Structure formats: C-alpha cells, structure tokens
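A look at the structure
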Amino acid sequence: MRAPSLRTLAIATAIVLVAGYALAFFWAPEDADQGFIQKIFYLHVPLAILALIGFMVAAVHSIQHLRTGDPVHDVRSYVSIHLSVIFGVAVLLTGAIWAKGAWGVWWEWREPTLVSFLIVFLLYATYYPLRYSVEDRERQARYASVFAITAGAFVPLNFAAVRAADPFIHPRTFSSAGGLPGEMLLAFLVCLVGMALLWVSLVRFELASKAASADLGRLRRALAPGETMPGPSSRAVAPVGVSTASMSADTPRERGIERA
Amino acid sequence: MSAYRAILAKDLRIELRTLRSLPAMALFATTVFVVFRFALDRTTLGGDLAAGVLITTVLFASLLAINRIFVAEREEGGFDLIRLAPVDRTALFFAKASALVIYLLLLELAAVPLFAIFFLDTAAGLPPLAPVLGLMNLGLALTGTLISTIATMSSARDLLAPLILLPLAVPVVIAAAGAAEPILAADGPSYEHFGRWLAVLGLYDLTFLAVGYGVFDFLLED
Amino acid sequence: MIPLALAEAESYVGAAYLVFVTLLLIYLAIMAGKLERIQRELRSLAGLAERPREEQR
C-alpha cells in the first residue's frame, strides 16, 4: 500500500482536528471538578502523548540507522525528535497555563507528568548542541542515533521514577484518561488521532523540504561543479535531506553539503 | 574478557600512579560539603536534606571523573588501538564503566564518613546506604561512560557531557535520594519504600547496561 | 475545588489554544522561509541550465 500523499495527510489532519475540537467544545460535557478549564485537557494530553511517541519513533529510526548505515533513517530520526521537541514546548506551555488556571500556580512539582516532561525535554534539548559539536557528517549521525536510542530508553524509566517519587496519588492529575465519561473519551480520542495526523504531516512536510534541498544540491553540483549554494554557508546543524532519488530507490546515498 | 581486564588494570594502575582524578574528586566533595553548610545555613542535616546534599555532591564529583575517563585514549590514540585490535570493543565500555564504579566507591569511602562527621547526628544510617550508593555508582558509571564517549569526540566536550548527563541522571537521583532520606533520618534509619527504590535503581542499571552493550560498537566506528 | 468563574477560565483555555496555534504558525513561517530559499536556488539553477544551451545556438 503506497503511503498517502502529504496533501491527503494534511487534509485528513484538518478534518480530524476540527472534528475533534468541535466535539470537545460543543459536545463533550463540562468537567464537574475543574469546570471549563478542563477543556485544555483535549489539547495538552494529545500533544504530550504524541511527543513521547515521537521520541520512541525516533529511537526506532535510529536503531535502523545504526543497523543499516543508511542516512535516510538518520534524517527521519532527526525530524522526529525535532518535531517532538516542538510539541514538547507546547506541552510545557499549555501545561503551565492549565496549572495556573486550575490550581493558581504556574508550576506544580507534584504533578508527575509535567515534571517528567520537563526532564525529558531538557534531555532532548541537548540533542542540538550534540549534533552541532560533531563536524564529521557520518560520525555526527551515528552519535545522534546513539543518543536517540539512549534517550528513548530513558523516557519510560524517567516517568516511572518521577511517578514513584510522589507517594500520594494527588487528586489533581492532568492525564487521567481512564475513568472519563463516554463523550469526553470519544472527543479526546478524536483529538488524539488528529494530533497524530498533525505530527505525521509535519514530519513528512519537513522531510520533503529537506529532500528538495538535497536534490537542489545535486543539481547545482551537476550544473556548476565547484560552486556552493549562494548565501550563508555555516556548518550545518541538522542532517541535510537525502535526495528523493535515494529515498525511493536504494541507490548509494549522495552527500549534501548545503543546509536544508 | 582478557581485554576487559587489561584495560581496567591499565586504567587503575595509571590512576594510582598519577592520581589524576581521585584526589580532585575527594577535595571537590569536601569543598562542596562546606559550600552546602553555608548555602543551606545548617550545621546538622537529617532526612531529606542529608540525602540531597550527599547525593548531589556525589553526582557532581562523578562528573569530574566522567569528563576525564577518555583523556588518555584521546591523547594517545587509544581509540585507534582498540579499533584495530581483534577484541570485542564493548570490553572498553565495560572496563571504563568498571573503573568509574571503582573511583566512585573510593570517593565514597572518603566522602561519606566525612559527611557523617560534618553533618550527621547518628552513623546508624551509613551501612544501609551502601547498596543505594553502589547501585547509584553503577548507573552513573554506565551512562557516564556512554555519554563521555560521545562527548570525547566532539568539540564542546567539557560542556556537552554534564549537559547531557544531568537529565539522564535524574531517575538515579530520585531513587537514591528517595531511599536515602528515611535512612538518614535524624532519629535513626527507617526503610520506607527501600525495596522499591532499589528496584528502580536496578532497573535503570540494567537498562543502560543493555543500551551501552548494544550501541557502544557504533560509537567507536571511525 | 471551586471552578473558576467562566470568563476567567475561558481566557486560560483560550490562551492555551492560542499558544498552540502560535507555535504552529511560527513553524509555518520558518518553513515558508525555507521554501523561498529553495525557490531562489531553483531559479538560479534554471538560469544556469539555460545558459549553455543559448551559448550553443
């Protein structure tokens, strides 16, 4: 089965997200405990779940990268982490707003999900300086993959440890999706699927942009060998895209030198 | 196995001869204790503060050692040697991690009694602390070796290793401090959730043992 | 726990969703910049490709 095109994905994302939030705001009942502020739940929790899944996906891509050496997997791992970090920023910001609205404080150390997320975010934020500090492309990719695998193993451990640190089950937990009444659960699930589609769409979007840049690099080298792309040519932080030729067929990869 | 022993023996011999890391770690720990005395404005510590000061001090002292474990390999081409030698490269990983465990153990043999002298009312909490610190040492050594390998080949190595290691060390800190807090209580040790915290530490150690074993080869590739 | 008065709660909910939309739009803006760079490069390469053919005529 051919993977759906980016356009199809984007349209599906829009439809499902709109449906999900329409359900959340116009159909699902208001929470008896927290009131209207609970509506943030439909945004914050799917973002968090997707970010965590994204980090796991990145680890899987990295395992593939180490096993095969194909840089395609490294680019996918990088983009997965990149987007999950962005989702993570959204999680922390929406979490803080929810905490302020529900409990009157901008931060709550006893909310294990929020705290775990902060730690995970701090760890993955080091991914960028790590990549930036290794010049050799292949080595950079390999080290990044090792990091992604290590960090991926770390995430569940971290959640377990933080949760264990809080001896009491606080009545004010964010993410208790269990015990949700039916309409809330359905709205939540639709939002979750919508966020998943959004994550996948953005990943594909970013991968397409990198692939295009890589193809342009090949073109420029073919037309004007010796010249580099005009514009600031700083040391590339991110892995350059892998050109579409070597993404669809397993031809020997080409090296890109321009920043994607 | 013999490669492991050879590398470990060499590292320990060099450390004992040059004393590059151990005295610095001990001195560092002592000074940090003094800093804490003034930063917290306390002359005795018990329970959660005692656990916190001790664990944090060991953690930061370990960063000193972790930053330095590959200095010799980097400067004298030890990485090339192990790449060329017909041995399992993960021997290097286990040897370096073992060396770190030993350094941390030696550090704690000096620092923990000193900590007790400085801050504790009763030394009864020290023996049960041993398994906690032991598992913590192993966890820090495993992730420390892994991250140090990455950082060693990068350009920002002194900054990168602590930066990546500290978030990674958080579960260790949580579990070690969680176990140590009731043990170091001012009125005598209690063992609240002791088994649970040891289990978390053990799980952490096992996980990164497996991860390190799985990925270390790839770090050494040219 | 007393739920907030509706108007206040609404502004928090609104702020949270606004943060999300803003991040999304910032991302779009950055990608738009990348697209423009790609377009510029493509244009210059098209010029390069057409030149030798003209020189051959």
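Residues numbered from 1 in each chain as written. Chains lettered and ligands numbered in written order. Predicted model: local features only at pLDDT ≥ 70, side-chain atom pairs only at ≥ 80, totals over all residues.

Bringing the overall build of chain B into the picture now. Across its full length, chain B holds 9 helices and 0 strands. Going from the N terminus to the C terminus, chain B shows its helices and strands as α-α-α-α-α-α-α-α-α. Its C-alpha radius of gyration of 18 Å places chain B within 12% of the 17 Å reference for a compact globule of 222 residues. Each of the three principal axes of chain B carries a C-alpha extent, and together these read 55 × 35 × 30 Å. (Helix = DSSP H or I, 4+ residues; strand = E, 2+ residues; numbered from the N terminus. Rg over C-alpha atoms; globule rule 2.2 N^0.38 Å.)

A word on the overall build of chain A. Helix and strand content of chain A: 8 helices and 0 strands. Counting the 260 residues in chain A, one finds 49% classified as buried. At a minimum sequence separation of 6, the contacts of chain A that also span at least 24 residues come to 79%. (Buried ≥ 20, exposed ≤ 12 C-beta atoms within 10 Å, placed from the backbone. Contact = placed C-beta atoms within 7 Å.)

Every contact between the two is made by 27 residues of chain A and, on the other side, 23 residues of chain C. The set of elements that each furnish at least two residues to the side of chain A that touches chain C consists of α3 (71–103) and α7 (182–223) of chain A. It is α3 of chain A that provides the largest number of residues to the side of chain A that touches chain C, a total of 9 residues. Looking at the side of chain A that touches chain C residue by residue, the classes come out as 17 nonpolar, 6 polar and 4 charged. (Nonpolar A, V, L, I, M, F, W, Y, C, P; charged D, E, K, R; others polar.)

It is worth spelling out the interface of chain B and chain A at this point. With 26 residues of chain B in contact, the opposing surface of chain A contributes 25 residues. Elements that contribute at least two residues to the side of chain B that touches chain A include exactly α7 (126–152), α8 (157–183) and α9 (194–220) of chain B. Considering each element in turn, the side of chain B that touches chain A owes the most residues, 10 residues, to α8 of chain B.

To continue, consider the environment of leucine 203 of chain B. Note that leucine 203 of chain B resides in helix α9. Separated by 27 residues in sequence, leucine 203 of chain B and alanine 176 of chain B place their C-alpha atoms 13 Å apart.

This part covers helix α6 (residues 90–119) of chain B. Residues spaced three or four apart along an α-helix point in a common direction, a consequence of the helix completing one turn every 3.6 residues. Compared with the 44 Å implied by 1.5 Å per residue over 30 residues, the 41 Å span of α6 of chain B between its first and last C-alpha is a close match. At glutamate 108 of chain B, α6 of chain B shows its strongest bend, of approximately 30°. (Expected span 1.5 Å × (residues − 1). Bend = angle between axes of the 7 residues up to and from the residue.)

Attention shifts here to the packing of α7 of chain B against α9 of chain B. Residue and element names in this part refer to chain B. Remark: α7 packs on α9, axes separated minimally by 9 Å, with the N-to-C direction vectors making an angle of 25°. Here α9 runs roughly parallel to α7, going by the angle between their axes. The element α7 and its partner α9 pack so that their crossing is left-handed. Here α7 contributes Pro131, Leu135, Met136, Leu138, Gly139, Leu142, Thr143, Thr145, Leu146, Thr149 and Ile150 to the contact with α9, which in turn contributes Leu198, Leu201, Gly202, Tyr204, Asp205, Phe208, Leu209, Gly212 and Leu219. Classifying every residue of the contact of α7 with α9 gives 13 nonpolar, 6 polar and 1 charged. (Axes fitted to C-alpha atoms, helices over the stretch in contact; angles between N-to-C directions. Parallel < 35°, antiparallel > 145°, perpendicular 65-115°, else oblique. Left-handed = near helix turned anticlockwise from the far one by under 90°.)

All right, on to the environment of phenylalanine 93 of chain B then. Residues and elements named next belong to chain B. The topology assignment puts phenylalanine 93 in helix α6. The exposure class assigned to phenylalanine 93 is buried, which follows from the 24 C-beta atoms found within 10 Å. Non-local contacts of phenylalanine 93, meaning those with residues more than four positions away in its chain, are made with Thr145, Gly212 and Phe216.

Another aspect to go through is unusual backbone geometry. All names here are of chain B. Phi is positive for leucine 19, which is not a glycine, with a value near 50°. If you trace the backbone, leucine 19 turns up in the loop between α1 (2–18) and α2 (22–39). Positive phi, close to 55°, is recorded for aspartate 41, a residue that is not glycine. Of note, aspartate 41 is situated in the loop between α2 and α3 (47–68). Since 7 C-beta atoms lie within 10 Å of it, aspartate 41 is described here as exposed.

Residue and element names in this part refer to chain B. Counted at 1.5 Å a residue, the expected span for α2 with its 18 residues is 26 Å, and the 25 Å between its end C-alpha atoms agrees. Burial in α2 covers these residues: Met25, Ala29 and Phe36. Taken end-on, α2 shows its buried residues confined to a sector of 40°, consistent with a single buried face. Facing away from the buried side of α2 by over 90 degrees, the exposed positions are Pro23, Thr31, Val34, Val35 and Phe38. (Arc of directions from axis to C-beta.)

Before going further, it helps to spend a moment on the nonpolar core. Residues and elements named next belong to chain B. Formed by 151 residues in total, the largest nonpolar core has its most connected members in Ala176 and Ala180. Broken down by element, the residue count for this core peaks at 16 residues, all from α8. Other than its neighbours up to four places away in sequence, alanine 180 contacts Ala51, Leu54, Ile55, Leu129 and Val132. (Core = buried A, V, L, I, M, F, W, Y, C linked by C-beta atoms within 7 Å.)

This prediction gives chain B a mean pLDDT of 90; 100% of its residues lie at or above 70. Here the prediction assigns the complex a pTM of 0.87, and the interface score ipTM is 0.88. (pLDDT = per-residue confidence, 0-100.)

What follows is about the confidence of the model for chain A. Residues and elements named next belong to chain A. On average, residues of chain A score 84 in pLDDT, and 82% of them are at 70 or above. Taken element by element, chain A is modelled with least confidence in helix α8 (residues 244–248), mean pLDDT 54, and with most confidence in helix α2 (residues 41–68), mean pLDDT 95. Counted against residues more than four places away or in other chains, residues 231–236, with its pLDDT under 50, gives 3 contacts. Here residues 248–260 is modelled with pLDDT under 50, and outside its nearest four sequence neighbours on either side it reaches 30 contacts, counting other chains as well.

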